[in-house]
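Now for the letters of each chain:
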Amino acid sequence: MSVPYALLALLSDGPKYGLRLQNEFESRTGEVWPLNVGQVYTTLQRLERDGLVESDDEGERSQKRYRITPAGQGDLAAWLRTPPELVPPPRDELVIKVLVALQIPGIDVHEILQVHRRHVIEVMQRYTRIKAAAGADDVALALVADAELFRLEGIVRWLDAADARLKQQQPPTPAEVADLTAEPSAEMEVSP
Amino acid sequence: MTSPLELRHVSKTYGSGPTEVHALREVDLTVERGELVAVMGPSGSGKSTLLTIAGSLETPTSGQAIVDGIDLETVSPSDRAKMRRRSIGYVFQDFNLLPGLKAIENVTLPLELDGVSSKPARAAALEAMEELDVADRMDRFPDELSGGERQRVAIARAIVGRRGLLLADEPTGALDSVNGEGVMRLLRAATHRGVAGVVVTHEAQLASWADRVVFLRDGLVVDQTTAPPGPESLLAAGDL
């Protein structure tokens, strides 16, 4: 999870108290990702233990002011440039459901695809409403919402493509489906 | 109160015999004032046919298309043309601005065709252009405007004179996603001021700006979204 790095980033423009960090985190992620103050303090403790931040060592935790160390700056710079895991989970639940549906006699797969399409678009409507309510100048919120919207749009596009493919082509045989759903395989091969 | 648009059991068939194509089958759709409805579906699902029938550019093979309480079938072609100019605004994929006219002349055109004299037509056009934040571009020709500005002018032309029904066919055309979003914000704002809007699109992100999404497949309405809950539910949603 990237909360430690988000806190390091927030400390980059000067020392801050825990409560202030929580407020800034929430306002900069468009309040889409709520963070409780307990999480903030446990994360800060861990960062301090690892030498990535330091604090004036007096009083209650709410009285402590934290600042980023050179090691923390180094870690943050490296993290920003490290590519996230892009390989998808080997077995996508939605793909499995559709492949399974193909094997059940009398099931209208297009109807199954539509149930999922509607659900995903309803979730997209909620993100779009957040964006619409915030106005065009809330850049942080727009970036967070866009990331989710593009991811969800990808799912809809897959559903659309599946619909079109199943309309044009023969569905895979039970043996092919068993192969695809049996084991997580990095080199999935789809027979022609 | 009547709805700005009501389609009742609308079917449209092209050709006959073995080449017969059922573009729409028994479609029911009502759009209220202040509501933006998106119609989604794959190519050939009947989206564009639905829009042209709602806009009275085509007549249904059976069923009724009712705009502002008036069944389009029951009025003369000239009255239908008048309704088209007064009650219905269109936004097209490629904007369709007339290149030889300045931006403001493009916006006043539908009013002038309807016999409104030039002074009130110009005042109404300016008001629409101000709503869309392009009033300062009024004396430019379309080829002197950016893509986003052209589409703003096109939307101003569609809402000028307080028309109650706004129809848009893939209105973000070739705009990039941020400019496309700008267009959807404007359409949403226009409808929320009291116009009824219908947007046809195959893009889920654009459709998600609508209050309601209707899904077409092979000419049938197969599904639609339910009214989405407020944004706050997102934070509690476990299914994301």
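Residues numbered from 1 in each chain as written. Chains lettered and ligands numbered in written order. Predicted model: local features only at pLDDT ≥ 70, side-chain atom pairs only at ≥ 80, totals over all residues.

1. Focus on unusual backbone geometry
All names here are of chain B.
Next up, step 1: Even without glycine at this site, Glu-170 takes up a positive phi of about 40°.
Next up, step 2: By the element assignment, Glu-170 lies in the loop between strand 7 (165-169) and helix 6 (177-192).
Next up, step 3: Here the phi dihedral of Asp-218 falls at roughly 50°; this positive angle occurs in a residue that is not glycine.
Next up, step 4: Topologically, Asp-218 is positioned in the loop between strand 9 (212-217) and strand 10 (220-224). (Helix = DSSP H or I, 4+ residues; strand = E, 2+ residues; numbered from the N terminus.)

2. Describing the confidence of the model for chain B
Residues and elements named next belong to chain B.
Next up, step 1: For chain B, the average pLDDT comes to 89, and 94% of its residues sit at 70 or higher.
Next up, step 2: In this model, residues 235-240 is a region of pLDDT below 50 whose contacts with residues beyond four sequence positions or in other chains number two contacts.
Next up, step 3: Here the predicted complex carries an ipTM of 0.85, next to a pTM of 0.80. (pLDDT = per-residue confidence, 0-100. Contact = placed C-beta atoms within 7 Å.)

3. Topic: the environment of Ser-177 of chain B
Residue and element names in this part refer to chain B.
Next up, step 1: Summarising the element assignment, Ser-177 is placed in helix 6.
Next up, step 2: Judged by local crowding, Ser-177 falls into the partly exposed class, with 15 C-beta atoms found within 10 Å.
Next up, step 3: Residues Ser-177 and Gln-205 lie 28 residues apart in sequence; the distance between their C-alpha atoms is 9.1 Å. (Buried ≥ 20, exposed ≤ 12 C-beta atoms within 10 Å, placed from the backbone.)

4. Examining the sheet that holds strand 2 (residues 21-31) of chain B
All names here are of chain B.
Next up, step 1: A sheet is described by the order of its strands in space; here four strands give the open sequence 2-1-4-5, paired in antiparallel fashion. The open sheet has two free edges, formed respectively by strand 2 and strand 5 (70-71), since each of these has just one partner strand.
Next up, step 2: Two strands pair when backbone bridges link them, and strand 4 (residues 62-67) and strand 5 are joined in this way by two bridges, in the antiparallel orientation. Paired with Val-67 across the two strands is Ile-70, which belongs to strand 5.
Next up, step 3: Most of the contacts of helix 1 (residues 47-54) go to strand 1 (residues 5-14), to which it runs at about 120°, and overall it touches strand 1, strand 2 and strand 4. (Pairing = 2+ DSSP bridges. Axes fitted to C-alpha atoms, helices over the stretch in contact; angles between N-to-C directions.)

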